[in-house]
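A closer look at the structure
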Amino acid sequence: MRTLMTRTAVAALTLAFATEAMATEWNVSLWGKRRAFTEHVEKLAELVNEKTNGEFTLNISYGGLSKNKENLDGISIGAFEMAQFCAGYHRDKNPSITVLELPFLGVTSLRQEVDLSMAVYQHPAVIEDLGRWEATLLMPSPLPQYNLVGVGDAPATLADFTGLSVRATGGIGAAMETIGAVPTSMSASEVRQAMDSGIVKAVSFAPHAHMSFGTIENGTWWTTNLNPGTVNCPVVVNNDALADLSDEHRDALLGSVDEALDHYISSYETKTMDAWGPALEERGITSVTFTDDELAAFKDAAAAPAAAAWIEDNTARGLPAQELYDLVTGMIAEAK
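Overview of the structure. If you're wondering where the values come from, they're calculated on a predicted model, not measured in any experiment.

**Things to note about the sheet that holds strand β11 (residues 286–288)**
One open sheet accounts for 6 strands, arranged β7-β6-β8-β5-β9-β11; its pairing is mixed. Of all the strands in the sheet, the pair left with one neighbour each is β7 (182–184) and β11. Each adjacent strand pair in this sheet contributes to an overall mean axis angle of 25°, direction not counted. With 3 bridges connecting them, strand β9 (residues 221–223) and β11 associate as parallel partners. When the sheet's bridge partners are listed, Thr223 is paired in β11 with Val288.

Structure follows, in structure tokens:
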């Protein structure tokens, strides 16, 4: 009996150690607070946990692991296993995916934004580009067209943007520059203070970010239809961490991406957008709507020159820039 109990105890202890060894925990670096922009990561963590019976967990940190502009660097050294960042924060580090930030591409929905992003992410040149940072592109954070919330006198025409300091990153910043604005790139968490201090007079964001980062708390006007473009903010994982996962855990992670993105889109198109209009009305924020002729002139001034410059600059980097641009614009054309 003593021998049997001993063997049973050993077996139980062995099983306990094996179970512990199979458990995997990843640290995930985000910023700000939980909001529409992070719902797919939250859903991914939930799904992975469920599918692995708690053996694989994603520990999500909002600003506790890294600054948002340093998340790609953290991934490159394995400081954490997963992170979100925006391409416009460091365009030189991820030039290939900035094709998705070119102004006036004509993207009309979050679903289309996902399809375009995933197609670009799977291009060999893009995989190689992000591979320099030991990063695998997992999924995008699809965002609608950006518009501005500003303080002071509302612009009556596009000419009124001349000399206006605007927080705008990537291609949106380049577009704003064509109508005389002075674009400034800063992280989302810095925006409210910059508005309060007068460093910027207007901020380019998607609706959720205007609400989350407080621009509507002191804003007096917003543009309803400027729609110069959006930003691309992928979620990436460290290559070694992904390779080290068991087949079961890797399947649970990769197999949950589509469902996580579906949840994100549904949440954004309902919960977020349902709250946007009332939030503006409650604060008495003036709507600024530009004429079709002005918007056409804005697009003509910004779109083609930005695309040509992007192709020239990134071809010089050794990227198949024309091919990437044609991939994106071709998919958009097919969808019309």
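**A short note on the environment of Pro305**
If you trace the backbone, Pro305 turns up in helix α13 (residues 292–316). Exposure remark for Pro305: the relative accessible area of 46% places this residue in the partly exposed category. The sequence separation of Pro305 and Leu164 amounts to 141 residues, and the corresponding C-alpha distance is 21 Å.

**So, the sheet that holds strand β4 (residues 135–139)**
The sheet built from 5 strands is open, its strands ordered β2-β1-β3-β10-β4 with mixed pairing. Two strands in the sheet have a free side with no partner beyond their single neighbour: β2 (56–62) and β4. Taking the axes of each pair of neighbouring strands and ignoring which way they run, one obtains an average angle of 25° across the sheet. Both strand β3 (residues 82–84) and strand β10 (residues 235–238) contribute to a ladder of 3 bridges, which runs antiparallel. Of the residues in β10, the one forming a bridge with Ala83 is Val236.

**Brief notes about the packing of aromatic side chains**
Following the criterion strictly, the structure yields 9 aromatic pairs and no others. Each ring, one from Phe161 and one from Trp221, has its centre 6.4 Å from the other, and the planes form 70°; the classification is edge-to-face. Residue Phe161 is located in the loop between β5 (147–150) and β6 (165–167), and its partner Trp221 is located in strand β9; the two are separated by 60 residues in the primary sequence. Note on accessibility: Phe161 and Trp221 belong to one class, buried. What links up through ring pairs into an aromatic cluster is the set Trp31, Phe37 and Tyr89.

**Thoughts on the state of the cysteines**
A covalent bond between the sulfur atoms of two cysteines is what we call a disulfide. Going through the model one piece at a time under the given rule, you end up with 1 disulfide. Two residues share a disulfide in this structure: Cys86 and Cys233, whose sulfurs sit 2.0 Å from each other. The disulfide joining Cys86 to Cys233 has a torsion of about 100° about its S-S bond and is therefore right-handed. Of this pair, Cys86 sits in the loop between β3 and α4 (110–121) while Cys233 sits in the loop between β9 and β10, placing them 147 residues apart in sequence.

**Side note on the side chain of Gln84**
Mapped onto the elements, Gln84 comes out in strand β3. Within polar-contact distance, the side chain of Gln84 engages the side chain of Ser141 at 2.8 Å. With sequence-adjacent residues up to four places away left out, Gln84 is seen in contact with Ser29, Leu30, Trp31, Phe37, Thr38, His40, Asn71, Ser141, Cys233, Pro234 and Val235.

**Describing the nonpolar core**
Among the nonpolar cores identified, the biggest contains 97 residues, and Trp26, Leu44, Met82, Phe161, Met176 and Leu253 are the most heavily contacted of them. When residues of this core are assigned to their parent elements, the largest contribution, 7 residues, is made by α13. The contact partners of Trp26, leaving out residues within four places of it in the chain, are Phe56, Thr57, Leu58, Asn59, Glu81, Met82, Val237, Ala241, Leu242, Leu245 and Leu253. In terms of nonpolar packing, the next biggest core, distinct from the first, is built from 7 residues, Val149, Trp222, Trp276 and Leu280 among them.

**Details of unusual backbone geometry**
Despite not being glycine, Phe104 has its phi angle at roughly 55°, a positive value. For Glu134, which is not glycine, the phi dihedral falls at a positive 55°. Residue position: Glu134 is located in the loop between α5 (124–131) and β4.

Thresholds, definitions, all that
- Residues numbered from 1 in each chain as written.
- Predicted model: local features only at pLDDT ≥ 70, side-chain atom pairs only at ≥ 80, totals over all residues.
- Heavy atoms only, no water.
- Pairing = 2+ DSSP bridges.
- Helix = DSSP H or I, 4+ residues; strand = E, 2+ residues; numbered from the N terminus.
- Axes fitted to C-alpha atoms, helices over the stretch in contact; angles between N-to-C directions.
- Buried < 20%, exposed > 50% of the residue type's maximum accessible area, 1.4 Å probe, protein only.
- Phe/Tyr/Trp six-rings, centres within 6.5 Å; stacked < 30°, edge-to-face > 60°.
- Disulfide = S-S within 2.5 Å.
- Polar contact = N/O pair within 3.5 Å; in protein donor to acceptor, adjacent residues only side chain to side chain.
- Contact = heavy atoms within 4.5 Å.
- Core = buried A, V, L, I, M, F, W, Y, C linked by side-chain atoms within 4.5 Å.

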